[in-house]
Protein chains: 2
Amino acid sequence: MTGRRPAEPGMTIAQVETPALIVDLDAMEANIKALAARVAAYPSVRVTPHAKAHKSVEIARRQMAAGAARMCCQNVAEAEAMAAGGINSILLSNEIIGVEKAKRLAQVARTAKVGVCVDHVDQVKVLADAAREADITFDVLIEIDVGMGRCGVTSAAEAVALAKDVAKHKNLHFSGLQAYHGTAQHLRHPEERVAAIAKAAAFARETADALRTAGLPCDVIAGAGTGSYENEMMSGVYNELQCGSYVFKDADYGRNDTAYPFRNALFILASVISAAAPGRAVCDAGLKSLSAESGLPVAYEAPGVTYIKATDEHGTLQLSPQATVKPGDKLKLIPGHCDPTVNLHDWLVACRGDKVEAVWPVARGW
Amino acid sequence: MTGRRPAEPGMTIAQVETPALIVDLDAMEANIKALAARVAAYPSVRVTPHAKAHKSVEIARRQMAAGAARMCCQNVAEAEAMAAGGINSILLSNEIIGVEKAKRLAQVARTAKVGVCVDHVDQVKVLADAAREADITFDVLIEIDVGMGRCGVTSAAEAVALAKDVAKHKNLHFSGLQAYHGTAQHLRHPEERVAAIAKAAAFARETADALRTAGLPCDVIAGAGTGSYENEMMSGVYNELQCGSYVFKDADYGRNDTAYPFRNALFILASVISAAAPGRAVCDAGLKSLSAESGLPVAYEAPGVTYIKATDEHGTLQLSPQATVKPGDKLKLIPGHCDPTVNLHDWLVACRGDKVEAVWPVARGW
């Protein structure tokens, strides 16, 4: 069940109950502006930010106001939340298969323009049935596997066959290609990312050419994320950039060797609950309030404090002699990976400087 | 916000929306009985199961009915949920420091007997103030660090000093020692666990002796978990066993080399959403519905299917030639670690055989 609100507007950060997620609004707004400004130099390219990073209608509204063309979602619950919050164009950048999920997505399409991805004829049939029944139209993107070895067809010929199948259904509109290279986001060196996205773009271009030859033009070639978007943006192939993490940044992106124009805007606020042995303290933010699969969180503006171990409800901190830490102290942690960290929380505590400005719900679930 | 219920009573498992957590009630009930039966041979030892594994009042009630002396909780929200569900004795087997959290715990103590741990005088003061203000009494355990290097004082002398401080407060009752060795749970070889718990028990005994000498007898010496409880049980020192995971088991405990008497009772039900390349499929259960920090989940009764990679909303499955998997198929996954996996969900779908018997809320939050 939904956990209690950790704060109310008007409080100071020191009054927020821990563990809690703190959003630095100034930094977040700067990040939204920075991406919009960067992409503005490429008039054929649109920003379609990914809601899976924040699961928040409030943040999506700010991204749309800054010029985003639509919001990406990764599951039906996110799409439902975005539509309920007034977002009028949504791409479910993922495959769905269940009849009930397709019906729910068709309901979303009654108030918002909805796109969705396929890589198999069985998904096409489920979507077509739901769209016909609800008397709506889905825009359909064929997902192609551009190098991450997850979803997506693996040849242009398969994409053409699948697009032809889509085009047979009156309530489905073939719209283009989903060509997301997730693993490229986290390659450490710029030249590795250049090579990965060049290969991805070449396959997307080849597939789009084959589709055009078959009389099925691609309006959309979508992909990219925070780690590689500059490459897709300059490829001359991609025209939708699905960056998500840029809005918050995280410790993993912080370790990349290029200087992205983004600032840390998301923190786990934790309390020190124990400091019983020299050189060590323990805080109340562990695996149930942060995700450590992309690396441990990093203590923010806390010299000499290193987060060294996450267990269920505890984070163990190593203290160098300069660190002065006692039970009751609060500290901010930069999450290792923002998306699954947000998913652990029910609330985002939106702060301006030291003051809580709003408390936003997180649209959890599937 | 709370995600939608993935099922209703009377459905078959095939009808449950994915990803969802499935509890095999027959296996869970057998696990609860098995631990109770094993510990019954040691009349001085009590089972005090850990609610952090399941966060469910329904399961706690079944554990109490099977003879548990009290329920352990790891945070105040769990304690609140247990008390609201009628559990009348609770040990918060953790330190808390915030004034608000202490006040909330004091409210819990109006309907349930409440114990709580300390390892620092600052915690004692916060608890004493809250207890006095609410006119209740907390039982207080001193946590000692018996080898895991997390919370807990590190010498008998510190424990005696802290217990004397506790005893000064009219609304605090010094009750004993929390001597939990978390890392011992996951040592792979029985002789490693024997050695770790022998050392832990020796320090607990030494500390209890020092306390008795100082006129502060320890009623409770508490600790243990699913991986090592036989050792604590037979130590002659411990008298409360805080096993949590036994109720569900998980893939990590499944890899231990001793044959615990417990069965897998918790599964992530997932749908195959993509199978676009030979030898590979993708399901809808990734890092937002399972925790992979203790290892990846294991496909259950699915020959030739291996879960090889977890990303946010996707699980990549490697298929051997014998595996027949197509989009829409559902499969059960044994979680790598049950506690943080439960924490990702709002609902437990309790099943008897193939039928959904109940849908239970998960008490998330802090």
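Residues numbered from 1 in each chain as written. Chains lettered and ligands numbered in written order. Predicted model: local features only at pLDDT ≥ 70, side-chain atom pairs only at ≥ 80, totals over all residues. Heavy atoms only, no water.

Q: I'd like a description of the sheet that holds strand β3 (residues 71–73) of chain A, backed by residues and values.
A: All names here are of chain A. Spatially, β2-β9-β8-β7-β6-β5-β4-β3 is the arrangement adopted by the 8 strands of the open sheet, whose pairing is parallel. Either end of the sheet is taken by a strand with one partner, and the two such strands are β2 (46–47) and β3. Where strand β6 (residues 138–143) meets strand β7 (residues 172–178), 6 bridges bridge the pair, whose relative direction is parallel. Paired with D139 across the strands is H173, a residue of β7. (Pairing = 2+ DSSP bridges. Helix = DSSP H or I, 4+ residues; strand = E, 2+ residues; numbered from the N terminus.)

Q: Please set out the interface of chain A and chain B residue by residue, giving values where relevant.
A: In this assembly, 67 residues from chain A lie in contact with 67 residues from chain B. Both faces combined, the contact of chain A with chain B buries some 5,500 Å², and carbon together with sulfur accounts for 51% of it. There are 10 salt bridges connecting chain A and chain B. The shortest N-O distance in the salt bridge between B:D346 and A:R364 comes to 2.8 Å. Counting only elements with at least two residues in the side of chain A that touches chain B, the list comes to α3 (76–84), β4 (89–95), α4 (99–108), α5 (121–134), β10 (266–277), β11 (280–283) and α10 (338–342) of chain A. Ranked by the residues each element gives to the side of chain A that touches chain B, the list is headed by β10(A), at 7 residues. Within the side of chain A that touches chain B, the residues separate by chemical class into 19 nonpolar, 23 polar and 25 charged. (Contact = heavy atoms within 4.5 Å. Buried area = accessible area lost by both parts, 1.4 Å probe. Salt bridge = Lys/Arg side-chain N within 4 Å of Asp/Glu carboxyl O. Nonpolar A, V, L, I, M, F, W, Y, C, P; charged D, E, K, R; others polar.)

Q: Just give me the short version of the relation of the copies chain A and chain B, but keep the residues and values in it.
A: Of the transformation superimposing chain A on chain B, the axial component is 0.0 Å and the angular component is 180°, with the fit at an RMSD of 0.0 Å. The superposition of one copy onto the other is thereby described by a two-fold rotation axis. Closest to the rotation axis within chain A is the C-alpha of A:T2, separated from it by 2.6 Å. Here 100% of the contact residues of chain A are again contact residues in chain B; the copies associate through an equivalent surface. (Least-squares fit on C-alpha atoms with pLDDT ≥ 70 in both.)

Q: Summarise the side chain of A:S93; cite the residues concerned and give the values.
A: Residues and elements named next belong to chain A. Topologically, S93 is positioned in strand β4. The class of S93 is buried, set by a relative accessible area of 5%. Within the structure, S93 has its side chain in polar contact with the side chain of H50 (distance 2.8 Å). A distance of 2.8 Å separates polar atoms of two side chains, one belonging to S93 and the other to Q74. (Buried < 20%, exposed > 50% of the residue type's maximum accessible area, 1.4 Å probe, protein only. Polar contact = N/O pair within 3.5 Å; in protein donor to acceptor, adjacent residues only side chain to side chain.)

Q: Help me get a handle on the environment of A:V282, residues and values and all.
A: With respect to the helices and strands, A:V282 occurs in strand β11. A residue is classified by how much of its surface remains accessible, and A:V282, at 1% relative accessible area, is buried. Spatially, the C-alpha atom of A:V282 lies 8.6 Å from that of A:P327, the residues being 45 residues apart in sequence. The contacts of A:V282, once residues within four sequence positions are left out, are A:S271, A:V272, A:I273, A:S274, A:H314, A:G315, B:R150 and B:C151.

Q: Hey, could you go over the domain arrangement of chain A for me, with residue numbers and the actual values?
A: All names here are of chain A. Here chain A is described as being made up of domain 1 (11–22 + 261–361) and domain 2 (50–243). Using C-alpha coordinates to define each centre, domain 1 is positioned 34 Å away from domain 2. Counting residues at the interface gives 9 residues for domain 1, matched by 10 residues for domain 2. Here domain 1 packs against domain 2, burying approximately 800 Å² in sum over the two surfaces, 62% of which is carbon and sulfur. Taken together, domain 1 and domain 2 are joined by 1 salt bridge. Summed over the shared surface of domain 1 and domain 2, the result is 1 residue pair in polar contact (both at pLDDT 80 or more). Contributing elements (two or more residues each) for the side of domain 1 that touches domain 2: α10 and β17 (355–361). Split into classes, the residues belonging to the side of domain 1 that touches domain 2 amount to 7 nonpolar, 1 polar and 1 charged. (Domains from an automatic or database assignment.)

Q: Could you give an account of the sheet that holds strand β6 (residues 138–143) of chain B, with specific residues and numbers?
A: Strand pairing in a sheet relies on backbone hydrogen bonds, with the paired strands running either antiparallel or parallel. Residue and element names in this part refer to chain B. Taken in spatial order, the 8 strands line up as β2-β9-β8-β7-β6-β5-β4-β3 in an open sheet, and their pairing is parallel. Single-partner strands in this sheet number two, and they are β2 (46–47) and β3 (71–73). As defined by bridge partners, strand β8 (residues 220–223) adjoins strand β9 (residues 240–241) across 2 bridges and the pair is classed as parallel. Within β9, the residue paired with A222 across the bridge is E240. Helix-sheet contacts for helix α3 (residues 76–84) involve β3 and β4 (89–95), and the interaxial angle to β4 is about 175°. (Axes fitted to C-alpha atoms, helices over the stretch in contact; angles between N-to-C directions.)

Q: Just give me the short version of unusual backbone geometry, but keep the residues and values in it.
A: The omega angle of the peptide bond from A:T18 to A:P19 is -10°, so this bond is cis rather than trans. Within the fold, A:P19 resides in the segment before β1 (20–24). Its identity is not glycine, yet B:A224 carries a phi of approximately 80°, on the positive side. Accessibility expressed as a relative area gives 0% for B:A224, which makes it buried.

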